[in-house]
Amino acid sequence: MMGNRICDLLGIRYPVFQGAMAWLADGKLAAAVSNAGGLGIIAGGNAPGEIVRQEIRIAKSLTDKPFGVNIMLLSPFRDEVISVVLEEKVAAVTTGAGNPAKYVPAFKAAGIKVIPVVPSIALAKRMEKIGADAVIAEGNEAGGHIGKLTTMVLVPQIVDSVSIPVIAAGGVADHRGVDACFTLGAEGIQVGTVFIVADECKAHENYKKMVLEASDIDTTVTGRSTGHPVQVLRNKLSKRFDDLEKHGGTPEELEALGTGALKAAVIDGDIEKGSFMSGQIAGMVKERGTAKEILERLITGSKFITL
């Protein structure tokens with residue numbers, strides 16, 4: 001897509017990012033999405049630097065296409081991960097849970113594109129001011145940690161507020177969602193939930209089955225009272241969160257309840273105690289496939305992106 005600023009910026013064929021899903025977005029999945037023409041992204045999460053390096057090298061062994069790493073700036077291993085990313089010279093970093101300002105000069109010097117995730121106009125403007133190459137405007141339809149505004153409301157306001165390219169995230173499952181985001185002014189999209197059922201995604205079979213069998217109302221938000229809401233598929237754990245919050249559970253009690261829950265979902269497939277993070281569009285995800293097949297299904301029929 002010559003002339004698309006996201007494709008030109010990163011040297012990718014399609015302006016489609018794979019979301020940085022903790023425990024799920026590893027080197028294998030990132031490489032598969034990049035090979036398909038999008039931008040695969042490895043989730044740094046709370047992993048130590050050397051673990052992230054291993055995933056970067058796995059991706060490098062599987063693709064010669066650009067891929068990125070997501071850096072959670074509240075991670076206790078943040079500085080380790082940043083050092084690794086600089087040494088490995090990945091194509092791009094996406095950031096969340098913090099302000100990447102003090103790291104931007106080092107990223108730029110290494111030729112790494114900086115693309116923060118933003119939930120508000122104020123943060124988008126701040127990111128443009130510090131030199132971000134683009135921003136990801138993520139609405140609260142997304143899975144995992146979410147902000148307050150919907151994609152429909154957030155994206156056009158951020159597009160009108162900054163001059164750098166905007167990638168829309170949250171609530172996209174097919175070409176209709178892609179077209180909606182581009183109509184709102186976005187120049188790219190980021191999707192996560194649809195890639196959970198990719199053949200290259202390491203999600204436990206129970207996780208994939210929950211996404212594939214989800215209905216339109218099968219997601220819920222936990223942790224609102226803590227100020228860190230998380231969108232998940234409903235199960236016994238999410239009900240326990242709801243009950244605890246309704247009865248005045250403390251942040252410490254809620255944190256204890258969620259400790260290890262994502263690993264329990266991704267690795268163990270524990271349908272009762274796992275935290276199965278998912279976007280609201282899980283109800284639209286009905287087909288498995290390779291990352292390439294999923295990406296092609298996303299854009300086939302789009303008015304803005306052609307295969």
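See the structure printed just above.
Every chain is numbered on its own, with residues counted from 1 as its sequence reads. The predicted origin of the model limits local features to residues at a pLDDT of at least 70 and limits the giving and counting of side-chain atom pairs to 80 or more, whereas totals for whole chains, interfaces and linings rest on all residues. Working from all heavy atoms in the structure, the side-chain values ignore hydrogens and water.

**Overview of the pairing of strand β11 (residues 230-233)**
Inference 1: By the alternation rule, side chains of β11 split into Val230 and Val232 and Gln231 and Leu233, which are all buried.
Inference 2: Should DSSP find at least two bridges between two strands, the strands are taken to pair. Numbering of helices and strands runs from the N terminus, with a helix taken as a DSSP run of H or I at least four residues long and a strand as a DSSP run of E at least two residues long. Across 2 bridges, strand β7 (residues 144-145) lies against β11 in antiparallel orientation. Among the inter-strand pairings, Gly144 is bridged to a residue of β11, identified as Gln231.
Inference 3: The sheet contact formed by strand β10 (residues 219-222) and β11 spans 4 bridges and is antiparallel. Three exposure classes are used, based on accessible area relative to the maximum for each residue type with a 1.4 Å probe and protein chains only: buried under 20%, partly exposed in between, and exposed over 50%.

**Side note on the sheet that holds β10**
Inference 1: Taken together, the 3 strands give an open sheet; going across it, the order is β7-β11-β10, and neighbouring strands pair in antiparallel fashion. Looking along the sheet, the strands with just one partner apiece sit at the ends: β7 and β10.
Inference 2: Across the sheet, helix α11 (residues 236-246) is in contact with β10 and β11; its angle to β10 comes to roughly 45°. The criterion used for residue contact is that any of the two residues' heavy atoms lie within 4.5 Å. Throughout, an axis means a line fitted to C-alpha atoms (over the contacting stretch in the case of helices), and angles, computed between N-to-C directions, take values from 0 to 180 degrees.

**Remarks on the pattern of salt bridges**
Inference 1: The salt bridge criterion pairs a side-chain nitrogen of Lys or Arg with a carboxyl oxygen of Asp or Glu, the two atoms within 4 Å. Scanning the model with the defined rule gives 15 salt bridges in all.
Inference 2: Glu187 is paired through a salt bridge with Arg5; the nearest N and O atoms lie 2.6 Å apart. Taken together, the residues Glu187 in the loop between α8 (175-183) and β9 (188-191) and Arg5 in helix α1 (residues 5-10) connect sequence positions 182 residues apart.
Inference 3: Look at Glu187 and you get buried, because its relative accessible area is 18%.
Inference 4: Given a relative accessible area of 38%, Arg5 falls into the partly exposed group.

**Points about the packing of aromatic side chains**
Inference 1: Side-chain rings of Phe, Tyr and Trp (the six-membered ring for Trp) are treated as a pair once their centres are within 6.5 Å; stacked means planes under 30 degrees apart, edge-to-face means over 60, and tilted covers the remaining angles. A complete count under the given rule lists 2 aromatic pairs for this structure.
Inference 2: With a centroid separation of 5.4 Å and 25° between ring planes, the pair formed by Phe182 and Phe304 is classed as stacked. With Phe182 in helix α8 and Phe304 in the segment after α14 (291-299), this pair connects stretches of sequence that are 122 residues apart.
Inference 3: A relative accessible area of 11% means that Phe182 is categorised as buried.
Inference 4: Consider the rings of Tyr207 and Phe276, whose centres lie 4.9 Å apart with planes at 80°: the pair is edge-to-face. Note that Tyr207 is positioned in helix α10 (residues 205-212) and Phe276 in the loop between α13 (261-266) and α14, a separation of 69 residues in sequence. Accessibility classification places Tyr207 together with Phe276 in one group, the buried group.

**Here's the deal with α11**
Inference 1: All of the buried residues along α11 are Leu237, Ser238, Phe241 and Glu245. Viewed along the axis of α11, the buried residues span an arc of 100°, placing them on a single side of the element. Opposite the packed face of α11, turned more than 90 degrees from it, sit the exposed residues Lys236, Lys239 and Lys246.
Inference 2: Any pair of nitrogen or oxygen atoms within 3.5 Å is treated as a polar contact; in protein, a donor-acceptor pairing is required on top of that, and neighbouring residues in sequence qualify only through side-chain atoms on both sides. Looking at where α11 begins, the residue whose side-chain oxygen comes 3.2 Å from the main-chain nitrogen of Leu237 is Asn235.
Inference 3: Gly248 lies just past α11 and shows a positive phi near 75°. Taking the helix axis as origin, the arc is that swept by the directions to the C-beta atoms.

**So, the nonpolar core**
Inference 1: Membership of the largest hydrophobic core comes to 57 residues, with the highest contact counts inside it found for Val16, Ile158, Val194, Phe195 and Tyr207.
Inference 2: Filtering out sequence-adjacent residues up to four positions away, Tyr207 remains in contact with Leu24, Ile196, Ala265, Val266, Phe276 and Met277.
Inference 3: Counting 22 residues, the second-largest nonpolar core is a separate cluster that includes Val81, Val84, Phe107 and Val114. Only buried residues count toward a nonpolar core. Its members are Ala, Val, Leu, Ile, Met, Phe, Trp, Tyr and Cys residues joined through side-chain atoms within 4.5 Å.

**So, the sheet that holds β9**
Inference 1: Taking strand neighbours across the sheet as the criterion, the 8 strands line up as β1-β9-β8-β6-β5-β4-β3-β2 in an open arrangement whose pairing is parallel. Two strands bound the open sheet, and with one partner strand each, they are β1 (16-18) and β2 (40-43). Ignoring which end each strand starts from, the neighbouring axes of this sheet average 25° apart.
Inference 2: As defined by bridge partners, β2 adjoins strand β3 (residues 67-72) across 4 bridges and the pair is classed as parallel. Paired with Ile42 across the strands is Val69, a residue of β3.
Inference 3: Strand contacts of helix α3 (residues 49-62): β2 and β3, with the helix running at about 165° to β3, the strand carrying the most contacts.

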